[in-house]
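# Per-entry structural report
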Amino acid sequence: MAERIDGLYVRAIQLVLVAIVLNLAFASSINNSFLLLGRHFRFGLLLELAVVSGAYQTWRRPRARPAGAVFLLAGVFVALTMVSALWSVDPHHTETRAGALLVLILAGAALADATVGRPEAVRAILAALFVGAVLVALLGLYMLWVSHDQAVQAASTQYPARYRGLGQNPNTVSLLLALATPLGLWLWSETGSLVRRIALAAALLFLDGSIVASGSRGALIGALAGAVVWLATASLSWPRRLVFVAAAAVVFVADVAIMQVPNALPAVPSSAQSGTHRVVRNAELTNPLSDEIGGSGVPIKRTLFGTSGRAQAWDAALHQAARRPVAGYGFATESEVFVDRYFGFDSSVPENSYIGVLLQLGVVGVVVFVALLLALVVAAFRAVRAPPGPGRAVARACASVLAAAAVLGLTQSYLTTVGNLASPLVWLPALLLPALAWQAQRERGQGH
Amino acid sequence: MRWAGPLVVVAAALIALGALVLVGRSEGRRHAREENRGIAQIRALVGPLDSPSLDRYRLLTDFSCLLYRRNGNAFALELCIDAEGRVVEAIDRRDRRHPRIFSIREDHSAATVRVDRAEVDRLIRKLEESP
């Protein structure tokens, strides 16, 4: 009976997780119908996850509870986000988003608590997150079928045509798919059935193809980081691990080469623009504020190693952060505070999670946030040192997602944005790590 | 006595958060003061809003802007005004390479420089109708 109830809880959590990933993707969609649907339900579903996870935790009543630096630092960070409403430039927005972060962290902590020593339950959670990501990728194909214009961002003089699928821009969904890639590798390696292996290999290929078609270089690097951690921590001899890592690098190089194939539109010669001379009084048509700085009139060509205007945006965001250096402008105000004035850059945020935290919560926030990430890295190291078995495999999967997430944070502002479609895929596996580390330590202790 | 240690930690955390609130609010006030000072300087450089040097306008979701000519530069000085007449951004582009930008657009309520919004609308309409 207890086993059946446990199974029901796990299934319910899986369903809510898939619904959350799908719904957050809807909330970040280019399609207005999906967008309205997603925005209506996103925080309600998050609350539902916290309630179900809390109920599961209460029902399990784990005798041993892993505590430690991660949960302490997560608590300090959430407290900081909430208190920042008192100096925020938009207190109401700060309060609601900090509340959402609290709910997500509580759900993650409850799941960590309830799944201690039960890798099969962790497996179910991670598998649900992967299924959610694959469904989002499949919905991208649906978008391509019903509306090519929405699913593909048209080519410009700066960018070639880029696949965005369901997302608002080409980087939106590819961010989620990059985080799901190591989970796919893990599920593929765990599966014994040939049919499932083929299905998972096809899913992985599909995720990789979607990222390549999006032209999102950050997502590709993030997926590589996750895959490398997954492969490098395998229970294999070092030479074999190196071979697998080299194979991942070869796939990465091939993906990058394919990304370079589509071309941006040729620049229109300036003479072609001249016509009857008439003063355009609306300055926004000739000199938009969003191109105030760095514009030379010559269209920027996106290159393999270029930052797509990010370097300038980061520099400006750092200067802006320096105006309120200690405590920042308030949690979740990044898009209100950052102003895109940079020619060639096209985003309402600086596209770097760490600089984003600096803008929102100042140096104090960055110190706490980086300390939290470091505590998670330490937990990941401890968790993957478990004796070979299902516990070690799920720990490697969570550690791989953490690596991909941290790398992606360098080119995307998303790590602390709970409404972002990738947030459950980052924080839930990450918060499972302390429990897995605690279990690994116990198993190692028993082994001696 | 068992609770003394945790109580000290909680008290220290509360004091630290309280201090951070004071610092955060003080930083906010200082930032607003500096931006408003810059906006006021550019507002003074513009002179009357309906000055003959008014050359262009800009219509955005959150505010509208008026641009004034200086030494052949049609975009030299810019004032951006929200619906309530608060000047939330001002730009000095007399040195084209290094524009000076002062902005409080993230928190309109902190803007202290004000103009007559009805006049701004009238001037924009006039510019829209001009050849």
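Remember, predicted model here, so these are calculated numbers, not experimental data. (Residues numbered from 1 in each chain as written. Chains lettered and ligands numbered in written order. Predicted model: local features only at pLDDT ≥ 70, side-chain atom pairs only at ≥ 80, totals over all residues.)

## Some thoughts on the overall build of chain A
- Across its full length, chain A holds 16 helices and 2 strands.
- Taking 2.2 N^0.38 as the reference for a compact globule, 448 residues should give roughly 22 Å; the C-alpha atoms of chain A span a radius of gyration of 23 Å, in line with that estimate.
- Structurally, chain A occupies a C-alpha span of about 85 × 55 × 40 Å along its principal axes.
- Considering chain A as a whole, with its 448 residues, one finds that 52% of them fall into the buried category.
- The contacts in chain A between residues at least 6 apart in sequence include a share of 78% that link residues at least 24 apart. (Helix = DSSP H or I, 4+ residues; strand = E, 2+ residues; numbered from the N terminus. Rg over C-alpha atoms; globule rule 2.2 N^0.38 Å. Buried ≥ 20, exposed ≤ 12 C-beta atoms within 10 Å, placed from the backbone. Contact = placed C-beta atoms within 7 Å.)

## Quick notes on the overall build of chain B
- Of regular secondary structure, chain B possesses 2 helices and 5 strands.
- Relative to the compact-globule value of 14 Å for 131 residues, chain B shows a C-alpha radius of gyration of 21 Å, a clear excess of over 25%.
- C-alpha extents for chain B along the principal axes are approximately 85 × 30 × 20 Å.
- Put simply, 45% of the contacts in chain B that link residues at least 6 apart link residues at least 24 apart.

## A closer look at the nonpolar core
- Counting residues in each nonpolar core, the largest one holds 150 residues, and the members touching the most others are A:Leu176, A:Ala383, A:Cys398 and A:Leu433.
- Excluding residues that lie within four positions of it along the chain, A:Cys398 makes contacts with A:Ala380, A:Ala383, A:Pro429, A:Ala430, A:Leu432, A:Leu433 and A:Leu436.
- With 27 residues, the next largest nonpolar core counts B:Ile42, B:Val46, B:Phe63 and B:Phe75 among its residues. (Core = buried A, V, L, I, M, F, W, Y, C linked by C-beta atoms within 7 Å.)

## Topic: the pairing of strand S4 (residues 87-92) of chain B
Residues and elements named next belong to chain B.
- Buried residues dominate S4, accounting for 5 of its 6 residues.
- Sheet topology places strand S3 (residues 73-81) next to S4; 5 bridges connect them, and they run antiparallel. Its bridge partner lying in S4, Ile-81 is registered against Val-87.
- Linking two consecutive strands that pair antiparallel, namely S3 and S4, is a turn of 5 residues; a positive phi of about 85 degrees is found at Gly-85 within it.
- One ladder, built from 4 bridges, connects S4 with strand S5 (residues 100-103); its direction is antiparallel. Looking at S5, one finds that Asp-92 is bridged to Arg-100. (Pairing = 2+ DSSP bridges.)

## Structural notes on the packing of helix H5 (residues 119-146) of chain A against helix H15 (residues 390-408) of chain A
Residues and elements named next belong to chain A.
- Close contact between H5 and H15 brings their axes to 9 Å; oriented N to C, the two are set at 30 degrees. Comparing the axis directions of H5 and H15 gives the class roughly parallel. As for the relative orientation of H5 and H15, their crossing is left-handed in sense. In this structure, H5 uses Pro-119, Glu-120, Val-122, Arg-123 and Leu-126 to contact H15, whose residues at the interface are Pro-390, Gly-391, Val-394 and Ala-397.
- Split by residue class, the contact of H5 with H15 holds 6 nonpolar, 1 polar and 2 charged. (Axes fitted to C-alpha atoms, helices over the stretch in contact; angles between N-to-C directions. Parallel < 35°, antiparallel > 145°, perpendicular 65-115°, else oblique. Left-handed = near helix turned anticlockwise from the far one by under 90°. Nonpolar A, V, L, I, M, F, W, Y, C, P; charged D, E, K, R; others polar.)

## Quick notes on the pairing of strand S1 (residues 54-59) of chain B
Residue and element names in this part refer to chain B.
- Most of S1 sits out of view: 5 of its 6 residues are buried.
- Looking at chain direction, S1 and strand S2 (residues 64-70) are connected through 5 bridges and run antiparallel. The residue of S2 that forms the bridge with Tyr-57 is Leu-66.
- Here S1 folds back onto S2 in antiparallel fashion, the turn holding 4 residues.

## Notes on the sheet that holds S3(B)
Residues and elements named next belong to chain B.
- The 5 strands lie next to each other as S1-S2-S3-S4-S5, forming an open sheet whose pairing is antiparallel. With one partner strand each, in any of the chains shown, S1 and S5 form the two edges of the open sheet. Each strand axis lies, on average, 20 degrees off the axis of its neighbour in the sheet, ignoring direction.
- Across the sheet, helix H1 (residues 4-46) lies against S2, S3, S4 and S5, angled at about 65 degrees from S4, the strand it touches most.

## Things to note about the confidence of the model for chain B
- For chain B, per-residue confidence averages 93 on the pLDDT scale, and 99% of positions sit at 70 or higher.
- We note a pTM of 0.91 for the whole complex and an ipTM of 0.90 for its interfaces. (pLDDT = per-residue confidence, 0-100.)

## Focus on the interface of chain A and chain B
- Of the residues lining the interface, 22 residues belong to chain A; the matching set on chain B comes to 24 residues.
- Breaking the side of chain A that touches chain B down by element, the ones donating at least two residues are helix H3 (69-83), helix H11 (283-286) and helix H13 (334-337) of chain A.
- Residue classes in the side of chain A that touches chain B are distributed as 12 nonpolar, 4 polar and 6 charged.

## Overview of helix H7 (residues 170-190) of chain A
Residues and elements named next belong to chain A.
- Across its 21 residues, H7 extends 31 Å between first and last C-alpha, which sits within 8% of the 30 Å expected from 1.5 Å per residue.
- When the local axis directions of H7 are compared, the greatest deviation, roughly 30 degrees, occurs at Ala-180, which is followed within four positions by the proline Pro-182.
- In terms of residue burial, H7 counts as a mostly covered element, since 18 of its 21 residues are buried. (Expected span 1.5 Å × (residues − 1). Bend = angle between axes of the 7 residues up to and from the residue.)

## Let's talk about unusual backbone geometry
- With phi around 70 degrees, A:Ala332 is a residue other than glycine that occupies positive phi space.
- Backbone geometry places B:Asn71, a non-glycine residue, at a positive phi of 50 degrees.
- Along the chain, B:Asn71 turns up in the loop between S2 and S3.

## Quick notes on the environment of B:Ala32
Residues and elements named next belong to chain B.
- Mapping Ala-32 onto the fold places it in helix H1.
- Residues Ala-32 and Ser-64, spaced 32 residues apart in sequence, show a C-alpha to C-alpha distance of 20 Å.
- Other than its neighbours up to four places away in sequence, Ala-32 contacts Ile-104 and Ala-110.

## Describing H15(A)
- End to end, H15(A) covers 27 Å across 19 residues, agreeing with the expected 27 Å (1.5 Å per residue, within 8%).
- The buried fraction of H15(A) amounts to 18 of the 19 residues, a majority that puts the element mostly inside the structure.

## Some details on the environment of B:Arg37
- Tracing the backbone through its elements, the reader meets B:Arg37 in helix H1.
- Residues B:Arg37 and B:Thr112 lie 75 residues apart in sequence; the distance between their C-alpha atoms is 9.0 Å.

## Some details on the packing of helix H12 (residues 310-321) of chain A against helix H14 (residues 353-383) of chain A
All names here are of chain A.
- Taken N-terminus to C-terminus, the directions of H12 and H14 make an angle of 25 degrees; their axes are 9 Å apart at the nearest point. Relative to H14, H12 is oriented roughly parallel. By crossing handedness, the relation of H12 to H14 is classed as left-handed. For the pair H12 and H14, contact is made by Trp-314, Ala-317, Leu-318, Gln-320 and Ala-321 and by Ile-355, Leu-358 and Leu-359, respectively.

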